[in-house]
Every structure is written in structure tokens, then in C-alpha cells.
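As a plain string of letters, each chain reads:
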Amino acid sequence: MKKAPPLSSTSPPIQLRFNKKTLGVFPLAQGPRFVAADIAKLLKYRDETALQTALGKKAGCLLTPASGPALLTLSETELRDVLRTCGKPQAQQLQHWLEHTLLPVLHKDMPPGHDKLQLAYALADEAARQVGQAVWESVLAGEAEWQQSRWLVSLHYQAEQGQRRPSGKTVALQTEVSTLAALAERVAAGGALPVSTRELVKLAAACHLRLAERMQKQALRA
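Within each chain, residues carry numbers counting from 1 in the order of the written sequence. Only residues with pLDDT of at least 70 are given local features in this predicted model, and only at 80 or more are side-chain atom pairs given and counted; all residues enter the totals for whole chains, interfaces and linings. With hydrogens and water excluded, all non-hydrogen atoms of the structure serve as input to the side-chain values.

Caption draft 1: The arrangement of the pairing of strand S6 (residues 71-74) in detail. As judged from the two bridges shared by strand S4 (residues 31-35) and S6, these two strands associate in the antiparallel manner. Bridging across to S6, valine 35 finds its partner in threonine 73. We call two strands paired when DSSP finds no fewer than two bridges between them. Secondary structure elements follow DSSP: runs of H or I no shorter than four residues count as helices, runs of E no shorter than two count as strands, and numbering proceeds from the N terminus. From the end of strand S5 (residues 61-64) to the start of S6, which pair antiparallel, there are six residues, and glycine 68 there has a positive phi angle of about 95°.

The following block contains the structure:
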């Protein structure tokens with residue numbers, strides 16, 4: 001069987017996190033390519049050569065990223081083959097994550113841009129971390145009704161050195177939660193509102209302050 005010609009990508013691989021390890025993925029038009037060295041680490045092979053041996057000597061294809069040396073990558077079919085045949089316990093976990101989380105996104109008709117996909121999975125990873133920590137603390141605290149507990153996950157990101165770093169926090173749902181648009185509609189509608197006059201004044205003052213800051217920035221850019 002003839003080996004496939006080398007591939008190239010104008011973008012670096014998307015760095016995803018699975019079981020506290022990194023998985024590099026190139027979302028190419030002809031199908032996603034997975035960095036073989038990362039797959040080897042996830043499945044606890046000695047190195048990518050050992051992974052190739054498990055697949056067959058001709059498996060994989062070199063891919064040249066936007067910068068750096070060429071990387072050995074696996075197609076989706078080759079990755080499925082190794083997950084089906086390697087017999088390692090990590091393979092089942094990785095296959096479930098691929099089938100139910102990653103591949104449905106990569107198979108959409110209009111693939112998202114590299115930056116958007118990178119941010120989406122970084123935020124998803126942060127959400128899982130926040131919820132996991134909240135559940136951990138709730139169970140260890142001995143709360144009797146932890147199975148009925150609910151949390152609000154607040155996610156955002158900050159730009160640092162050209163990269164968007166996600167962060168977030170969880171808040172126990174002990175009060176009513178609403179979007180900003182719904183809150184504005186409810187305040188304007190009148191009637192009973194579960195807040196005091198002082199709280200409404202503080203909210204109005206904060207909104208005026210934020211609006212003034214934005215208008216000042218817009219004036220400076222004009």
C-alpha cells in the first residue's frame with residue numbers, strides 16, 4: 001500500500017485537553033488529523049513508533065504545520081483502528097470522548113475557525129473543571145442533598161500574550177437567575193420585584209458608570 005503524500009496546515013494544531021494530557025488536532029478540509037505523539041501518550045505507548053507498529057508500519061502521514069517541524073499524524077480511520085485493537089483501558093474513554101464530544105463538532109458542514117474551536121474546547125474544559133470541583137467539595141462537606149444540588153457556571157476569558165485564557169466560577173443556585181436582557185425587561189415592566197430600592201440604585205449607578213466608560217473609549221477611537 002502506497003504511503004499518503006505529506007500534508008500541510010496554515011495553522012498550528014488545536015491543543016485540546018483529555019485526562020490532563022494534550023491532544024493536538026488539525027481540522028483539515030479533507031478530515032481531521034490527530035498528532036500521533038499525543039495519541040501515543042494518551043494510550044500509554046512508549047512513543048509514536050510503538051503506536052505505528054500497533055497500526056502497521058505504513059500508518060500515519062507527515063503533516064507540516066504553520067511553524068515547526070513536520071508531525072506524524074493519524075487520520076480518523078487510523079485512530080479508530082488503534083482504539084479498536086489496542087485493548088488498553090484508556091482507549092475506551094478516548095473513543096467515547098471522540099464519538100460524543102469532538103468528532104460531532106469536526107464533522108459539521110461548516111467547520112469553525114481555528115481560534116473559535118480552540119476557545120470553545122478551552123471553555124468547555126474550564127466548565128468541566130469548575131463543576132467537578134463544586135461536586136467534589138459538596139460531597140466531601142457531607143451535604144445531605146448534594147444529588148439535588150445545582151450550580152451556575154460563569155465563563156469568560158482574558159487575552160494574554162495573544163492567547164485567550166479561559167476562566168470561570170460556579171455559584172450555587174440559591175436565588176433567581178436571569179439574563180441581562182430578561183432582567184431589563186422585568187425591571188421596566190414594573191410590578192413586584194424581589195430587590196430593594198437600594199439595590200436598584202446600585203444597579204442603575206453601575207450601568208451608568210459602565211456606559212460612560214464605553215462611550216469614552218468610543219470617543220477616543222473616533
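And the narrative resumes.
Caption draft 2: Here's a closer look at the side chain of arginine 33. As for its placement among the helices and strands, arginine 33 is situated in strand S4. Only protein chains enter the accessibility calculation, which uses a 1.4 Å probe; a residue is then buried when its area is under 20% of its type maximum, exposed when over 50%, and partly exposed in between. Positive charges are assigned to Lys and Arg, negative charges to Asp and Glu, while His and the chain termini are left out of the count. The salt bridge criterion pairs a side-chain nitrogen of Lys or Arg with a carboxyl oxygen of Asp or Glu, the two atoms within 4 Å. Put simply, arginine 33 is tucked away with no salt bridge, and the nearest opposite charge, on glutamate 78, sits 4.0 Å away. The contact rule is simple, with two residues in contact once any of their heavy atoms fall within 4.5 Å. Ignoring sequence-local partners within four residues, the contact set of arginine 33 consists of Leu7, Gly24, Val25, Phe26, Leu28, Gly60, Cys61, Leu63, Thr73, Leu74, Ser75 and Glu78.

Caption draft 3: Summary view of the pairing of S4. Most of S4 is tucked away: five of the five residues are buried. Relative to S4, strand S3 (residues 21-28) runs antiparallel, the two being bridged by four bridges. The residue bridging valine 25 from the neighbouring strand is phenylalanine 34, located in S4. Taking the residues that link successive antiparallel strands as the turn, the S3-S4 hairpin has two residues.

Caption draft 4: Up close: the sheet that holds S6. Reading across from one edge, S1-S5-S6-S4-S3-S2 is the order of the six strands in this open sheet, with mixed pairing throughout. Strands with a single pairing partner mark the edges of an open sheet, and in this sheet they are strand S1 (7-8) and strand S2 (14-18). Set on the sheet, helix H4 (residues 89-106) makes contact with S2, S3 and S4; between it and S2 the angle comes to about 145°. Axis angles are defined between N-to-C directions and span 0 to 180 degrees, where every axis is a line fitted to C-alpha atoms and, for a helix, only to the segment in contact.

Caption draft 5: Fine view of the packing of aromatic side chains. By convention, a stacked pair of Phe, Tyr or Trp rings (six-membered ring in the case of Trp) has centres within 6.5 Å and planes under 30 degrees apart, an edge-to-face pair has planes over 60 apart, and any other such pair is tilted. According to the stated counting rule, one finds one aromatic pair in the structure shown. Ring centres of phenylalanine 18 and tryptophan 97 lie 5.1 Å apart, and the angle between their planes is 35°; this geometry places the pair in the tilted category. One end of the pair, phenylalanine 18, is in strand S2; the other, tryptophan 97, is in helix H4, with 79 residues separating them in the sequence.

Caption draft 6: Structural detail: the pattern of salt bridges. Scanning the model with the defined rule gives five salt bridges in all. Two residues, arginine 80 and glutamate 76, come together in a salt bridge whose shortest N-O distance is 2.7 Å. Here arginine 80 and its partner glutamate 76 are both found in helix H3 (residues 76-85), four residues apart, which amounts to about one turn of the helix. Here glutamate 213 makes a salt bridge to arginine 210, at a shortest N to O gap of 3.6 Å. With a gap of three residues between them, glutamate 213 and arginine 210 both fall in helix H7 (residues 197-221), about one helical turn apart. The class of glutamate 213 is partly exposed, set by a relative accessible area of 36%.

Caption draft 7: Quick look at H3. Taken residue by residue, H3 has Glu76, Glu78, Leu79, Val82 and Leu83 as its buried positions. Take H3 and look down its axis: the buried residues cluster within an arc of 165°, on one side only. Of the exposed residues in H3, the ones pointing more than 90 degrees away from its buried face are Thr77, Arg84 and Thr85. Looking at the buried residues of H3, the elements they touch are S4, helix H1 (36-42), helix H2 (48-55), S6 and H4. Looking one or two places after H3, you find glycine 87, whose phi comes out positive at around 70°. Summarising the geometry, the arc corresponds to the directions from the helix axis toward the C-beta atoms.

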